[in-house]
Amino acid sequence: MDRLFDTVIVRRPGESYKSCVSTNPEHRSIDVNLAKKQHEEYVKILKENGIEVIELKPLENHPDSVFVQDTAIVGVNSNLAVLSRFGEPSRRGEEESIKEVLKKEGFEIKHIEEPGTIEGGDVLVTDQGIVFVGLSQRTNAEGIKQLARFFPKVKVISVPISKIFHLLSGVNYLGNKTVAISPHVVDIEYFKGFKFITIPEDELYANNMLYLGERKVLLPAGYPKTEEKLRREGFKPVLVNVSEFWKGDGGVTCLNLPFYKSL
């Protein structure tokens, strides 16, 4: 199985989700009940594809906590979980509840220390011994340096981004040395040696996609050009409606915290 992870953590959205941090103009129209249904469907798809899902209850005092990917970087090989230090101050504290879950799963816990910041949405893990980390509004050089120290067996490459919040909004790894990438927001020079599937500029949101293994890619519904492009490249798109998470500046990668096999 060429999957990057076999187990993930998810956290259901709470009633407070509508107060999440978002720049989306439709932020105020978030429908929490619909978000809950969409999240259930998302979890169902992961399970149907053989992924073990650890489901957590909502954290009402943290509206953004459904975007659980940002809380940590978890490596199965090294048995290590590195807890994030959020660049977005209002989200600090979310990582503490995840810490207990990761401890129960048997991981050794490390912390990104001040002044370092890192959020999981900036961390692109491959099975090529390379991890790309977005140098962004949320993740700084010190955070990246600390992460590289914790995972010395992989090469950590820093990728500056300014037009998107997180690196995974503009590039994702699809196995077999292939990346889906949006060159208008991420410099492709950093990914030399990888095969590119370029995502149409007007479908940037679709670039936040999740590789499920065996050529299957979880994709937000409503992006026909990207879907067609992936099919042409031999991938099997699996569609999920995440409209309410789009409104909260999140996507299909943001909704799970993977236990990476290659880290």
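Everything in this summary refers to the structure shown in the same document. (Residues numbered from 1 in each chain as written. Predicted model: local features only at pLDDT ≥ 70, side-chain atom pairs only at ≥ 80, totals over all residues. Heavy atoms only, no water.)

### Re the side chain of His27
Part 1 of the argument: Along the chain, His27 turns up in the loop between β1 (5-11) and α1 (32-48).
Part 2 of the argument: The class for His27 is buried, based on a relative accessible area of 17%.
Part 3 of the argument: For His27, the side chain forms a polar contact with the main-chain oxygen of Cys20, separated by 2.8 Å.
Part 4 of the argument: When sequence neighbours within four positions are dropped, the list of residues in contact with His27 reads Lys18, Ser19, Cys20, Ser22 and Lys247. (Helix = DSSP H or I, 4+ residues; strand = E, 2+ residues; numbered from the N terminus. Buried < 20%, exposed > 50% of the residue type's maximum accessible area, 1.4 Å probe, protein only. Polar contact = N/O pair within 3.5 Å; in protein donor to acceptor, adjacent residues only side chain to side chain. Contact = heavy atoms within 4.5 Å.)

### Here's the deal with the packing of aromatic side chains
Part 1 of the argument: Across all of its chains, the model carries 10 aromatic pairs by this definition.
Part 2 of the argument: When the ring centre of Phe165 is taken as reference, the NZ or CZ atom of Arg138 above it lies at 4.6 Å.
Part 3 of the argument: In this structure, Lys177 packs its charged tip against the face of Phe194, placed 5.8 Å from the ring centre. (Phe/Tyr/Trp six-rings, centres within 6.5 Å; stacked < 30°, edge-to-face > 60°. Lys NZ or Arg CZ within 6 Å of the ring centre and 35° of its normal.)

### What to know about the pairing of strand β7 (residues 130-135)
Part 1 of the argument: Extensive coverage of β7 is indicated by the burial of five of its six residues.
Part 2 of the argument: As defined by bridge partners, strand β6 (residues 123-125) adjoins β7 across three bridges and the pair is classed as antiparallel. Residue pairing for β7: Val123 is matched across the bridge by Val133.
Part 3 of the argument: Between β6 and β7, which pair antiparallel one after the other, the connecting turn spans four residues, and Gly129 there sits at a positive phi close to 75°.
Part 4 of the argument: As paired strands, β7 and strand β8 (residues 155-160) are joined by six bridges and run parallel to one another. Bridge pairing links Phe132 to Ile157 in β8. (Pairing = 2+ DSSP bridges.)

### Notes on unusual backbone geometry
Part 1 of the argument: Cis rather than trans, the peptide bond between Glu114 and Pro115 has omega equal to 5°.
Part 2 of the argument: Of note in this structure, Asn79 is not a glycine but carries a positive phi near 55°.
Part 3 of the argument: Along the chain, the position of Asn79 falls in the loop between β3 (72-75) and β4 (80-83).
Part 4 of the argument: Positive phi values are uncommon outside glycine, yet Asn176 reaches one of about 55°.

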